[in-house]
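A structural walkthrough
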Amino acid sequence: MSKIQAAITCVGGYVPEDKLTNFDLEKIVDTNDEWITSRTGIKERRILMGEGLGTSDMAVKAVQEILDKKGIDPMEIELLICATTTPDFTFPATANVITDKLGMKNAWGYDVSAACSGFIYALTTASQFIETGKHKKVIVVGGDKMSSILNFEDRATCIIFGDGCGAVLLEPNTEGLGIVDSILRSDGSGRAYLHQKAGGSVKPATVETVMAKEHFVYQEGQTVFKFAVTNMAQVAYDIMQRNGLTGDDVTWLVPHQANKRIIDATRERMGLPEEKVMINIQRYGNTTNGTLPLCLWEWEKKLKKGDIIILAAFGGGFTWGATYLKWAYDSK
Ligand code: UT7
């Protein structure tokens, strides 16, 4: 029997309608469009507005798109893994909320917490369930409502992030297409430079933690930048080396959208021209777990069966990694 690989067979996505441009931010914090554009590549980001809406509400829209495009009954989905840093609740898992809202009564599910590398971690985890033959239809969601943990008085962080969510369907493939290899790494000593100070078991929420604004993203940008630019480029290069790939072989790089300068460094290390890189940071900013599936969503129609794709990410933890896959279908 031929080897079973896990292949992405459909992509869905959702970004909220409301835009927050650099010019809007100029009115909120001491910043300007020129600084944000030249340092990050971001021009605008989307914000999920409305009382009582969370990450699951964006995920439901992204996953529904997959069900509609594929004509799949929600009862056919066996497992849903949600990569997010802004879960609806501390517990239960956002995956449980999503499956409930979509009527996926036969699915089990759980969340993966690996900050900006969460989608790659979740994709790799999900692929194992397909490769063993245990599951035939698995959904991987990556998304965040970053606006829920942003301090809009901190110009160093509030300009970077945005809200959005993407999702992919994984199914078995025996034609040699799908996920081929992944390299996943982590270094928890990096937690000092990118974290949320309060709200966990070490420092539960109190009036004082709220007053001290400790429930927001804390980032030492320059330090994170140095680790990100080195490690994301290196892991993308390593996965090419390990699989005997050159820049000519790679059809697309799908990089985490944290900073255009980090993306450029990764592309250069891989020996790729700019046309082979999916970049939408200018429109969405850094949607954390959403960046990679949202790129696949936007580029899905351009992708061809057999395309060689490298996904690469770096994020809080620190966590980082790369995935090499062969695209499994031509979009209609
Ligand atoms: O996705 C998860 C992983 N995260 C990342 O990969 C993010 C990595 N880090 C970065 O992308 C960059 O470090 C930032 C975009 C966050 C910051 O860019 P930077 O070039 O590293 O700027 P900086 O922090 O070194 O600040 C340079 C200057 C400072 O002023 P002084 O001290 O030189 O006078 C900052 O106060 O820019 C100032 N600054 C700003 N000025 C205008 C910081 N934020 C802003 C701002 N607008 N929004």
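Residues numbered from 1 in each chain as written. Predicted model: local features only at pLDDT ≥ 70, side-chain atom pairs only at ≥ 80, totals over all residues. Heavy atoms only, no water.

**Quick look at the overall build of the protein chain**
Secondary structure assignment for the protein chain yields eleven helices and 13 strands. The C-alpha radius of gyration computed for the protein chain amounts to 19 Å, which stays within 12% of the reference 20 Å derived for 332 residues, consistent with globular compactness. Principal-axis analysis of the C-alpha atoms places the extent of the protein chain at approximately 60 × 45 × 35 Å. Among the 332 residues that make up the protein chain, the fraction classed as buried is 56%. Looking at the protein chain alone, contacts between residues at least 24 apart form 76% of all its contacts between residues at least 6 apart. With an accessible surface of roughly 14300 Å², the protein chain has 52% of that area assigned to carbon and sulfur atoms. Each charge class in the protein chain was averaged separately, 36 positive and 41 negative side chains, and the resulting centres sit 3 Å apart. (Helix = DSSP H or I, 4+ residues; strand = E, 2+ residues; numbered from the N terminus. Rg over C-alpha atoms; globule rule 2.2 N^0.38 Å. Buried < 20%, exposed > 50% of the residue type's maximum accessible area, 1.4 Å probe, protein only. Contact = heavy atoms within 4.5 Å. Areas by Shrake-Rupley, 256 points an atom, 1.4 Å probe, with all protein chains shown as cover. Lys, Arg positive; Asp, Glu negative; His and termini not counted. Charge placed at Lys NZ, Arg CZ, Asp CG, Glu CD.)

**Notes on unusual backbone geometry**
Along the chain, Phe91 connects to Pro92 via a cis peptide bond; the corresponding omega equals 0°. With respect to the helices and strands, Pro92 occurs in the loop between β4 (79-83) and α4 (94-101). Omega for the bond connecting Gly317 with Phe318 falls within 30 degrees of zero, at -5°, which places this linkage in the cis form. Along the chain, the position of Phe318 falls in the loop between β12 (308-315) and β13 (319-326). A positive phi is found at Ala115, a non-glycine position, where the angle reads about 50°. Along the polypeptide, Ala115 turns up in the loop between β5 (108-112) and α5 (118-131). For Thr288, which is not glycine, the phi torsion reads 55° and is therefore positive.

**Side note on the site of the ligand**
By nearness alone, 24 residues border the ligand, and Thr31, Arg39, Gln222, Asn259 and Asn286 come closest of all. Between a nitrogen atom of the ligand and a side-chain N or O atom of Gln219, the distance comes to 3.2 Å. A distance of 2.7 Å is found between an oxygen atom of the ligand and a side-chain nitrogen or oxygen belonging to Asn259. If the ligand stood free it would expose 950 Å²; the protein chains cover 74% of that surface. Counting only elements with at least two residues in the shell around the ligand, the list comes to α2 (33-40), α6 (155-158), α8 (221-242) and α9 (260-270). When residues in the shell around the ligand are grouped by element, the largest group, five residues, is from α8. The class makeup of the residues in the shell around the ligand is twelve nonpolar, eight polar and four charged. The residue makeup of the shell around the ligand includes at least three contributed by each of domain 1 (5-176) and domain 2 (180-326). (Near = heavy atom within 4 Å. Polar contact = N/O pair within 3.5 Å; in protein donor to acceptor, adjacent residues only side chain to side chain. Nonpolar A, V, L, I, M, F, W, Y, C, P; charged D, E, K, R; others polar. Domains from an automatic or database assignment.)

**Examining the pattern of salt bridges**
Under the counting rule described, the total for this entry stands at 17 salt bridges. Two residues, Asp264 and Lys260, come together in a salt bridge whose shortest N-O distance is 3.0 Å. With Asp264 and Lys260 both in helix α9, this residue pair falls four residues apart, about one helical turn. The class for Asp264 is buried, based on a relative accessible area of 18%. According to the relative accessible area criterion, Lys260 is partly exposed, its value standing at 22%. (Salt bridge = Lys/Arg side-chain N within 4 Å of Asp/Glu carboxyl O.)

**What to know about the domain arrangement of the protein chain**
For the protein chain, the assigned domains read domain 1 (5-176) and domain 2 (180-326). With 52 residues of domain 1 at the contact, the number on the domain 2 side is 46 residues. Interface of domain 1 and domain 2: buried area, both sides summed, is about 3700 Å²; carbon and sulfur atoms make up 60% of it. It is Cys116, Ile120 and Tyr121 that lose the most area in domain 1 upon contact with domain 2, and together they represent 17% of the buried surface on that side. Lys213 is the salt-bridge partner of Glu153, the closest N and O atoms lying 3.7 Å from each other. (Buried area = accessible area lost by both parts, 1.4 Å probe.)

**A few points about the sheet that holds β12**
On the basis of which strands lie adjacent, the open sheet formed by four strands has the order β8-β13-β12-β11 and mixed pairing. Since the sheet does not close on itself, it has two edges, and those belong to β8 (178-186) and β11 (252-255), each with one partner. Neighbour-to-neighbour, the strand axes of this sheet turn through a mean angle of 15°, independent of strand direction. Where β11 lies against β12, four bridges are found, and the strand directions are parallel. Directly across from Pro255, in β12, lies its bridge partner Ala312. Helix α11 (residues 291-299) contacts β11 and β12 of the sheet and is inclined by roughly 140° relative to β11. (Pairing = 2+ DSSP bridges. Axes fitted to C-alpha atoms, helices over the stretch in contact; angles between N-to-C directions.)

**Considering the packing of aromatic side chains**
Tallying each qualifying case throughout the model produces eight aromatic pairs. With a centroid separation of 5.4 Å and an interplanar angle of 80°, the aromatic rings of Trp108 and Phe129 are classed as edge-to-face. You can see Trp108 sitting in strand β5 and its partner Phe129 sitting in helix α5, a full 21 residues away along the chain. Of the residues examined, Phe129 reaches a relative accessible area of 22% and is grouped as partly exposed. On the numbers, 6.4 Å between centres and 25° between planes, the contact of Tyr193 with Phe227 is stacked. Of the two residues, Tyr193 sits in the loop between β8 and β9 (194-196) while Phe227 sits in helix α8, which places them 34 residues apart along the sequence. Residue classification places Tyr193 among the partly exposed residues on the basis of a relative accessible area of 27%. Looking at Phe227, the relative accessible area reads 35%, which means it is partly exposed. Across from the ring centre of Tyr14, 5.1 Å away, lies the NZ or CZ of Lys61, which sits over that ring. (Phe/Tyr/Trp six-rings, centres within 6.5 Å; stacked < 30°, edge-to-face > 60°. Lys NZ or Arg CZ within 6 Å of the ring centre and 35° of its normal.)

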